[in-house]
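Survey of secondary and tertiary structure
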Amino acid sequence: MNIKIIALTALLFFAAFAKAQKCKKNLLISFYNVENLFDTIHNPHKLDVEFTPQGRKHWTSKRYNDKIEKVSRVIASYDPHKLPDITGLCEIENRSVVEDLIKTKNLKKGKYRIVHYESPDIRGIDNALIYRKKKMKLIFSHAYHVRMKDNKRFKTRDIIYAKFYVKKAKDTLHVLVNHWPSRRGGELKSRPKRAAAARVARHIVDSLINTGTNPKIFIMGDLNDEPVNYAVEKVLRAYNPDTVFGDTSLLNLCYRTKLKHSGSYYYWRTQEWDMIDNMIVTGNFFTAQKGLILKDKDVKLFKPDWLLYTNKKGVKSPARTYGRYYYGGYSDHLSIYTRIYFKCKKKK
């Protein structure tokens with residue numbers, strides 16, 4: 001069958017599905033690179049001296065508490081009527097800072113629980129995940145190490161995997177939180193490191209698919225790569241959601257944002273927005289008739305004016321905490337979010 005005919009058939013299916021279904025409930029899912037959320041206490045096993053009162057960043061309790069409040073404000077502001085049900089975090093130092101975060105006035109009503117593992121990253125930054133226990137039950141979690149065969153000294157952030165049972169949806173959700181290696185040294189030179197992380201993520205995905213349970217998998221993270229880059233598209237094999245796909249295909253919800261030349265990170269050297277924070281899902285979120293269902297093929301960028309800094313040339317970028325100096329902002333990344341729906345009924 002001609003590819004154009006298949007694509008048209010899929011388009012008509014989704015249009016009919018959207019008209020035939022009415023979804024009342026949803027999970028609000030977000031991801032946020034919080035830019036070096038360190039406590040002020042030196043850990044002798046980590047390179048965190050700069051984030052102490054005596055360090056070069058003069059990281060004091062006052063600055064730390066201000067950062068906690070600002071990060072919590074962002075997470076609480078996606079929807080004025082509800083808090084996120086799941087939020088993936090990266091660049092947090094330890095479990096303690098996440099505990100401080102969920103105790104803030106902005107987030108304490110969510111009664112969040114934490115999934116966190118100490119990773120081998122030399123700076124001591126980890127990934128974490130917070131979720132609302134009222135909405136879902138954590139069945140299992142694990143931290144997957146990322147290694148390189150030809151570089152035994154290589155250390156980076158673990159990939160966090162969490163399996164949830166979403167009570168009211170009567171469905172299971174598999175979540176992966178990532179923070180892939182940076183582009184330090186250049187995109188090409190550092191590419192093998194991100195490819196190593198992508199292979200681990202792909203291994204987790206394949207292991208879940210091979211169970212034969214048609215798992216609904218949700219991947220999020222700062223991949224330090226855009227949807228069109230090698231590690232994402234060729235190694236992880238996450239594609240444009242507007243193409244033909246199957247239940248087990250990985251679809252990148254940030255693809256459209258990239259094509260619009262927008263993004264979550266403003267790179268000052270090129271003066272361009274890069275879409276390096278990604279959300280990737282299996283195709284069965286779109287083909288499902290019940291349980292957890294996705295209706296939007298792209299994510300939302302959280303970009304209110306109060307979260308942005310405007311320079312002397314009038315260019316806006318994320319209001320960051322640090323650059324050459326202490327700026328007292330939120331993060332050097334914007335956060336992203338989407339909704340997964342359930343309780344869908346056929347319209348009469």
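**Side note on the confidence of the model for the protein chain**
When pLDDT is averaged along the protein chain, the result is 92; 93% of the residues meet or exceed 70. Scored below 50 in pLDDT, residues 1-20 shows 18 contacts in the model against residues more than four places distant or in partner chains.

**Describing the packing of aromatic side chains**
In total, this model carries 13 aromatic pairs according to the counting rule given. Here the aromatic rings of F140 and Y161 are separated by 6.2 Å at their centres, their planes lie at 55°, and the arrangement is tilted. Taken together, the positions of F140 in strand β5 (residues 136-144) and Y161 in strand β6 (residues 159-166) put the pair 21 residues apart, joining distant regions of the chain. Look at F140 and you get partly exposed, because its relative accessible area is 43%. The buried category is assigned to Y161, whose relative accessible area is 5%. Measuring from ring centre to ring centre gives 5.8 Å for F302 and W306, while their planes differ by 70°; the resulting arrangement is edge-to-face. Above the face of the Y322 ring, K57 is positioned so that its terminal group lies 5.3 Å from the ring centre.

**Describing the pattern of salt bridges**
Taken as a whole and assessed by the stated rule, the structure comprises 22 salt bridges. The shortest N-O distance in the salt bridge between K46 and E118 comes to 3.2 Å. With K46 in the loop between β1 (21-37) and α2 (61-75) and E118 in the loop between β3 (112-116) and β4 (126-132), this residue pair connects regions lying 72 residues apart in the sequence. For K46, a relative accessible area of 12% puts it in the buried group. Under the relative-accessibility criterion, E118 is labelled partly exposed at 44%. For the salt bridge of D296 with K300, the shortest nitrogen-to-oxygen distance reads 4.0 Å. By relative accessible area, D296 is classed as partly exposed at 29%. If you follow the salt bridges from partner to partner, you end up with R183, E187, R191, R194 and D225 in one network.

**Brief notes about empty space enclosed by the protein**
Rolled over the atoms, a probe with the dimensions of a water molecule shows which regions are left empty. What the rule picks out here adds up to one cavity of 30 Å³ or more. If you add up the space inside the largest cavity, you get close to 30 Å³. Every residue along the wall of the largest cavity is listed here: E35, N36, F51, W59, K67, T321 and Y322. When the residues that make up the lining of the largest cavity are grouped by side-chain class, the tally is three nonpolar, two polar and two charged.

**As for α2**
The end-to-end C-alpha distance of α2, which contains 15 residues, comes to 21 Å, matching closely the 21 Å that a straight helix rising 1.5 Å per residue would cover. All buried positions along α2 are accounted for by Y64, K67, I68, K70, V71, S72, V74 and I75.

**So, unusual backbone geometry**
Despite not being glycine, E35 has its phi angle at roughly 55°, a positive value. Mapping E35 onto the fold places it in strand β1. By relative accessible area, E35 is classed as buried at 4%. With a phi close to 60°, H261 is a non-glycine residue in the positive phi region. Along the chain, H261 turns up in the loop between α6 (255-259) and β11 (265-267).

So, how was this worked out
Residues numbered from 1 in each chain as written. Predicted model: local features only at pLDDT ≥ 70, side-chain atom pairs only at ≥ 80, totals over all residues. Heavy atoms only, no water. pLDDT = per-residue confidence, 0-100. Contact = heavy atoms within 4.5 Å. Phe/Tyr/Trp six-rings, centres within 6.5 Å; stacked < 30°, edge-to-face > 60°. Helix = DSSP H or I, 4+ residues; strand = E, 2+ residues; numbered from the N terminus. Buried < 20%, exposed > 50% of the residue type's maximum accessible area, 1.4 Å probe, protein only. Lys NZ or Arg CZ within 6 Å of the ring centre and 35° of its normal. Salt bridge = Lys/Arg side-chain N within 4 Å of Asp/Glu carboxyl O. 1 Å grid on protein atoms, 1.4 Å probe; cavity = no way out; pocket = protein on both sides within 12 Å on 5 of 7 lines; lining within 4 Å. Points joined across faces, edges and corners; volume = space filled by probe spheres on them. Nonpolar A, V, L, I, M, F, W, Y, C, P; charged D, E, K, R; others polar. Expected span 1.5 Å × (residues − 1).

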